[in-house]
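Chain residues, written in single-letter form:
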Amino acid sequence: MAGVSSESLTKALEQLEATLPTASLQLAKDLFGILGTVDSSAGLRRALTDPSRSGEEKSALVKQLVGGKVSADAAEIASGLAGLRWASARDIGDALETLAATVVIAVAENKSAVSASGITGLEELENDLFAFNQAVASSHEVQRALGESQASAAAKISLAEKLVPGASPEAQLLIGQAVSQPRGVKPSKLIDNFAKLAAKRQQRWIATVRVTRPLTDAQASRLQAGLDALYGRELKVNVSVDPTLIGGIRVQVADEVLDASVVARLSELRRQLAG
């Protein structure tokens, strides 16, 4: 997805963030259900991506189509998506799939408890998705069964559940979606896409810290407390020693960089002098 469609997806994901702290798996199921409706009708996809129609008209069409059949949040998200611009009829379905998967991932992320094995809900989801793809890759028979066009969706979901017994509800939903509605790609490829979304979200809460010399326990504790306070939640802090910084510290959390190193200050000075 590129160009105008990529821009629309970015906007839709930004708007979705307000819903994610209280999102449920039912919201994701509703969105996947709407995706099924969109995928089942080429005429509907053309209508929702027709550049001659206004965004308001396309949003109204979706509200009329799904109103009363799904939650108000799901209808609002889908109608908002329809109101944006899309380069191709396929793109709006891909975007809806991404939003639904993002909701599932956020539900896993929002789990407050840590499992008996000491991992978070998001880590558990990633592990379950990886385990599923490993199980599929190790068996040609399973690959054939999941690719069998005559097999029912229920049969494929049942098989998938046996491959990853004890998988979290979030993983079960994403795996079930991948095997029952792969949308023209292999289920394992779709699971890869979901896993990348989960990893990207996980990365938001990992702080990569570079320092010029090892931190003392007291310094590490102060750094942890300061970053947790700055981002409003407990981060996983990975510290590495990088003598090339000369002095100071460099912190990266997802795409955000906090750079207080001597190298950064010298680079900024050079830019000012050059200007």
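Residues numbered from 1 in each chain as written. Predicted model: local features only at pLDDT ≥ 70, side-chain atom pairs only at ≥ 80, totals over all residues. Heavy atoms only, no water.

**Student:** Before we move on, could you go through the nonpolar core and cite the residues and values that matter?
**Tutor:** Residues Leu31, Ile34, Val103, Phe132 and Ile175 are the most contacted members of the largest nonpolar core, which totals 58 residues. Filtering out sequence-adjacent residues up to four positions away, Ile175 remains in contact with Asp128, Leu129, Phe132, Ala160, Val164 and Ile191. Counting ten residues, the second largest nonpolar core, distinct from the first, contains Val209, Val211, Val251 and Val253. (Core = buried A, V, L, I, M, F, W, Y, C linked by side-chain atoms within 4.5 Å. Buried < 20%, exposed > 50% of the residue type's maximum accessible area, 1.4 Å probe, protein only. Contact = heavy atoms within 4.5 Å.)

**Student:** Tell me about unusual backbone geometry, and name the residues and values.
**Tutor:** One non-glycine residue, Arg183, lies in the positive phi region at around 60°. With respect to the element layout, Arg183 can be found in the loop between helix 10 (169-180) and helix 11 (187-203). Not every positive phi belongs to a glycine, and Ile246 is a case in point at roughly 75°. Looking at Ile246, the relative accessible area reads 56%, which means it is exposed. (Helix = DSSP H or I, 4+ residues; strand = E, 2+ residues; numbered from the N terminus.)

**Student:** Summarise the pairing of strand 2 (residues 236-241); cite the residues concerned and give the values.
**Tutor:** Of the pairings in the sheet, the one linking strand 1 (residues 206-211) to strand 2 comprises six bridges and is parallel in character. Paired with Thr208 across the strands is Asn238, a residue of strand 2. Once you follow strand 1 into helix 12 (residues 217-231) and on to strand 2, the crossover reads as right-handed. (Pairing = 2+ DSSP bridges. Right-handed = clockwise from strand over helix to strand, strands pointing away.)

**Student:** Would you mind going over helix 6 (residues 89-109) in detail, with residue names and values included?
**Tutor:** Helix length check: helix 6 (21 residues) gives 31 Å between terminal C-alpha atoms against 30 Å at 1.5 Å per residue, within 8%. With 19 of 21 residues buried, helix 6 is to be regarded as a mostly interior element. (Expected span 1.5 Å × (residues − 1).)

**Student:** How would you sum up helix 11? Please name residues and give values.
**Tutor:** With 17 residues, helix 11 extends 24 Å from end C-alpha to end C-alpha; this agrees with the ideal 24 Å at 1.5 Å per step. For helix 11, the set of buried residues is Pro187, Leu190, Ile191, Phe194, Ala198, Arg201 and Gln202. Each buried residue of helix 11 lies within a common arc of 125° when the element is viewed along its axis, so the set occupies one face. Turned more than 90 degrees away from the buried face of helix 11, the exposed residues are Lys196 and Lys200. For helix 11, the secondary structure elements touched by its buried residues are helix 6, helix 7 (121-137), helix 8 (140-147), helix 10 and strand 1. (Arc of directions from axis to C-beta.)

**Student:** Account for the sheet that holds strand 1, with residues named and values stated.
**Tutor:** Strand order in the open sheet formed by four strands is 2-1-3-4, and the pairing between neighbours is mixed. Pairing within the sheet leaves two strands with one partner each, and these edge strands are strand 2 and strand 4 (256-259). Taking each pair of neighbouring strands and ignoring which way they run, the sheet shows an average axis angle of 15°. Bridge analysis of strand 3 (residues 249-253) against strand 4 gives four bridges, and the strand direction is antiparallel. Residue Arg250 lies in a different strand from strand 4, and its bridge partner there is Asp259. Each of strand 1, strand 2, strand 3 and strand 4 is contacted by helix 12, which is oriented at about 130° to strand 2, the strand it contacts most. (Axes fitted to C-alpha atoms, helices over the stretch in contact; angles between N-to-C directions.)

**Student:** Just give me the short version of the pattern of salt bridges, but keep the residues and values in it.
**Tutor:** Considering all chains together, one arrives at eleven salt bridges under this definition. Of the charged contacts in the structure, one is a salt bridge between Glu170 and Lys111, with a shortest N-O distance of 2.9 Å. Of this pair, Glu170 sits in helix 10 while Lys111 sits in the loop between helix 6 and helix 7, and the two are 59 residues apart along the sequence. Lys111 sits in the partly exposed class, given a relative accessible area of 33%. One continuous salt-bridge network, built from bridges that share partners, spans Asp39, Arg90, Asp94, Glu97 and Arg183. (Salt bridge = Lys/Arg side-chain N within 4 Å of Asp/Glu carboxyl O.)

**Student:** Hey, could you go over the environment of Ala12 for me, with residue numbers and the actual values?
**Tutor:** Its location among the elements puts Ala12 in helix 1 (residues 3-16). The buried category is assigned to Ala12, whose relative accessible area is 6%. Once the C-alpha coordinates of Ala12 and Phe130 are considered, the two residues, 118 residues apart in sequence, prove to be 27 Å apart. Discounting residues that sit within four places of it in the chain, Ala12 has contacts with Leu81, Leu84 and Leu99.

**Student:** Please provide a residue-by-residue account of the packing of helix 5 (residues 72-82) against helix 6, values included.
**Tutor:** Across the interface, helix 5 lies against helix 6 with an axial gap of 11 Å and an inter-helix angle of 145°. In terms of crossing hand, the pair formed by helix 5 and helix 6 is right-handed. In this structure, helix 5 contributes Ile77, Leu81 and Ala82 to the contact, and helix 6 contributes Ile92, Ala95, Leu96 and Leu99. Here the contact of helix 5 with helix 6 is built from residues that sort into seven nonpolar, no polar and no charged. (Left-handed = near helix turned anticlockwise from the far one by under 90°. Nonpolar A, V, L, I, M, F, W, Y, C, P; charged D, E, K, R; others polar.)

**Student:** An account of the pairing of strand 3 is needed here, citing residue identities and associated values.
**Tutor:** Bridge analysis of strand 1 against strand 3 gives five bridges, and the strand direction is antiparallel. Of the residues in strand 3, the one forming a bridge with Ala207 is Val253. Hairpin remark: strand 3 followed by strand 4, antiparallel, with two residues in the connecting loop; positive phi at Ala254, about 55°.

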